[in-house]
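# Coordinate inspection notes
Chain by chain, the residues run as shown.
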Amino acid sequence: MTAATEPFSTALRRSVGVVMIGASLSFLDSTIVNVALHTLSVDLHAGLGTVQWAVTAYLLALAAVIPVTGWAARRFGAARLYVAALVLFTAGSVLCACSQNVEMLIASRALQGIGGGAIMPVGTIIWTAQSTKPQIGRVMSLLAIPIILAPTLGPVTGGLLVQGIDWRAIFWLNVPFGAAGVVLALRLLPMAKGGDAGRLDVIGLVLAPTGIMGATYGLAELGDRAGPDPAAIVALPVGLAVLAGFVVHALRVKRPLFDLRLYASRAFTAASVAQFALGAANFGGMILMPLYFQTVRGESVVLAGLLLAPTGLGALLAAPFIDRYSAGITAATRAAILVVATVPFGFLTATTPYLLLCLVMVVRGVGFGMSIIPAMTAAYEALPPNKILDATPQLNVLQRVGGAVGTAVLTVILVDRLRHHPTLAGQASGFAATFWWVLAITIAAAIPTIVLAHTERQGHRRADASTLDEAAEADH
């Protein structure tokens, strides 16, 4: 029996099962609101450019809390932190369901995102601490399950709940599952106490989220206004300046919030760029199709959700192959598939056959389901085991920030196109034009995956050469 096929320990199996509950809820809420944006815009009397912040705020909150998870897991214990995160996520869901206006919904989504943002990285810490290095690929393939299912279950479930009950039901759904997850975590996870985590980089914790939110807000609002908006004009350069200050700070302190020295690894740098761009292309692109089906094609929210199911089907078809081949090659291949499958959406019309759209979405789902996780795995395999704890938050942050930036910017582009094209044919061309931006982002994501594959191949060659040298020395 090889190490790679070694059975999971009982503790690892329990951890995977328990953490999967929270991870599924967190990823599901990244997509379940997408199909309800049109309904929220009408019911809450807010424009699409405002309502999209219910998605963007969630993703930004996910990113904001992730940096502190590594320190908090060491200080308070990973399992204890996981329980606290799931409780906060569930409480945020209750507040979302009780929201009376769009401002309260956006604020509640941010609170929900703070809890949801800690679930996955802390879960990853729990899993990797209980698995051997050869098992990491198999464990990460399990992580792909909620990521793969989210594009299908999110819109379909959201559509059924919005049309059958009310948009608030998509948030009430989290409550019983969140409560069950908390109970199981308390019973099955080892509640080890924390230890000395060192000093928390408070300055970095303030600078990084502030810079990210300022830059994202500035990008979104600059494009959302007919003329220059003072707040956006200030927010963008200030956000970028704060991020630059964070980089300077992180390179000077002994234990920074983010260990930027990891970028000395070519594989980690490539994986980081890929994570950001894939997050922008996937999360940003996922809000476009339900809006197209409801706005241009006049479909109900349920049918719009069902028409998105082929993306999840493609991801499910790809799932068995995630850890079958090397991580770098898999990431590059699937990113290339994602690029090719995005091209047809640039030719959307008001009468594009649904069969054609569904077939293309299946192919795009294959690329989506097998690009993000292998990129992360390739980065982990290139780093020493003691650096994974520092690498995990960074890769998760970049993916969520990419999703937030992609959602905000693509919505701005879409709203601008729709504003100038009131007819159905014109609106369809507006969606098509926005998808060309999605294609550009996807190509930007594919390039670093090629670097990942090349770096991985060089590593294998060096390992083979080292093995041959050792064998030759043994013969002498």
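Shown above is the structure to which this text applies.
Overview of the structure. Per chain, residues are indexed from 1 in the order of the written sequence. Where totals are concerned, whole chains, interfaces and linings use all residues; where local detail is concerned, this predicted model gives features only for residues with pLDDT of at least 70, and gives and counts side-chain atom pairs only at 80 or more. Where side-chain values are given, they derive from all heavy atoms of the structure, hydrogens and water being excluded.

## Regarding the overall build of the chain
- Secondary structure elements follow DSSP: runs of H or I of four or more residues count as helices, runs of E of two or more count as strands, with numbering from the N terminus. For the chain, the helix and strand inventory stands at 20 helices and zero strands.
- Per-residue burial for the chain yields a buried fraction of 56% across its 476 residues.
- Any pair of residues with heavy atoms lying within 4.5 Å of one another is described as a contacting pair. Contacts spanning at least 24 positions in sequence make up 83% of the contacts within the chain whose residues lie at least 6 apart.
- Only the protein chains shown count as cover for residues, with accessible areas throughout obtained via the Shrake-Rupley method and a probe of 1.4 Å. Surface exposure of the chain reaches about 19100 Å², of which carbon and sulfur atoms provide 68%. Throughout this description, buried means an accessible area under 20% of the type-specific maximum (1.4 Å probe, protein chains only), exposed means over 50%, and partly exposed covers the range between.

## Some words on the pattern of salt bridges
- Salt bridges are defined by distance alone: a side-chain nitrogen of Lys or Arg within 4 Å of a carboxyl oxygen of Asp or Glu. Overall, the coordinates contain three salt bridges when judged by the stated rule.
- Note that R109 and D29 form a salt bridge whose closest N and O atoms lie 3.5 Å from each other. You can see R109 sitting in helix 6 (residues 102-129) and its partner D29 sitting in helix 1 (residues 10-31), a full 80 residues away along the chain. Comparing R109 with D29, the two get one shared label, buried.

## Considerations on the side chain of T411
- Note on placement: T411 falls in helix 19 (residues 388-420).
- Assessed through its relative accessible area of 2%, T411 is described here as buried.
- When neighbours within four sequence positions are excluded, T411 is seen to be in contact with L48, G49, Q52, I287 and G406.

## Quick word on helix 6
- How far a helix is expected to stretch is found by multiplying one less than its residue total by 1.5 Å. Counted at 1.5 Å a residue, the expected span for helix 6 with its 28 residues is 40 Å, and the 41 Å between its end C-alpha atoms agrees.
- Where burial is concerned, most of helix 6 is hidden: 20 out of the 28 residues are buried.
- Definition of a polar contact: a pair of N or O atoms within 3.5 Å, with one able to donate and the other able to accept a hydrogen when the atoms are protein atoms, and with sequence-neighbouring residues admitted only if both atoms are side-chain atoms. Put simply, N101 is the residue that caps the front of helix 6, since its side-chain oxygen is 3.3 Å from the backbone nitrogen of E103.

## Regarding a nonpolar patch on the surface
- On the surface, V343, F347 and W436 cluster together to form a nonpolar patch covering roughly 290 Å² of accessible area.
- Judged by its relative accessible area of 31%, V343 falls in the partly exposed class. Each patch is assembled from residues with relative accessible area greater than 30% and no salt bridge, linking like charges that lie within 9 Å and nonpolar side chains (Val, Leu, Ile, Met, Phe, Trp, Tyr) that lie within 5 Å.

## Considerations on the packing of aromatic side chains
- Here the aromatic set is Phe, Tyr and Trp, taking the six-membered ring for Trp, and pairing holds for ring centres within 6.5 Å; pairs whose planes are under 30 degrees apart are stacked, those over 60 apart are edge-to-face, and all others are tilted. Applying the stated criterion across every chain, the model contains seven aromatic pairs.
- Considering the side-chain rings of Y292 and F431, the 5.7 Å spacing of their centres and the 75 degrees angle between planes classify their relative orientation as edge-to-face. With Y292 in helix 13 (residues 288-295) and F431 in helix 20 (residues 424-475), this residue pair connects regions lying 139 residues apart in the sequence.
- Given a relative accessible area of 0%, Y292 falls into the buried group.
- Plain terms: the ring middles of F345 and F435 are 4.9 Å apart, the flat faces sit at 25 degrees to each other, and that makes the pair stacked. Remark: F435 occurs in helix 20 and F345 occurs in the loop between helix 16 (327-342) and helix 17 (354-369); sequence separation between them is 90 residues. The residues F345 and F435 share a single accessibility class, namely buried.
- Linked through ring pairs, Y292, F293, Y354 and F431 together constitute an aromatic cluster.
- Put simply, a charge is over a ring when the Lys NZ or the Arg CZ is close to the ring centre, within 6 Å, and near the line of the ring normal, within 35 degrees. The side chain of R109 reaches across the aromatic face of Y58, ending 4.2 Å from its centre.

## A few points about the nonpolar core
- With 104 residues, the main nonpolar core has Y82 and F293 as its most contacted residues.
- Every residue in contact with F293, bar those within four places of it in the chain, is listed here: G298, E299, A304, L307, L308, Y354, L357 and M361. We define a nonpolar core as any set of buried Ala, Val, Leu, Ile, Met, Phe, Trp, Tyr and Cys residues linked to one another through side-chain atoms lying within 4.5 Å.

## As for the environment of D29
- Relative accessible area serves as the criterion here: at 0%, D29 is assigned to the buried category.
- Taking the C-alpha atoms as reference points, D29 and G158, separated by 129 residues in sequence, lie 9.5 Å from one another.
- Every residue in contact with D29, bar those within four places of it in the chain, is listed here: Y58, F89, R109, Q112, F171 and N174.
- A distance of 3.1 Å separates polar atoms of two side chains, one belonging to D29 and the other to N174.

Note that all results are geometric; they support no functional claim without further evidence.
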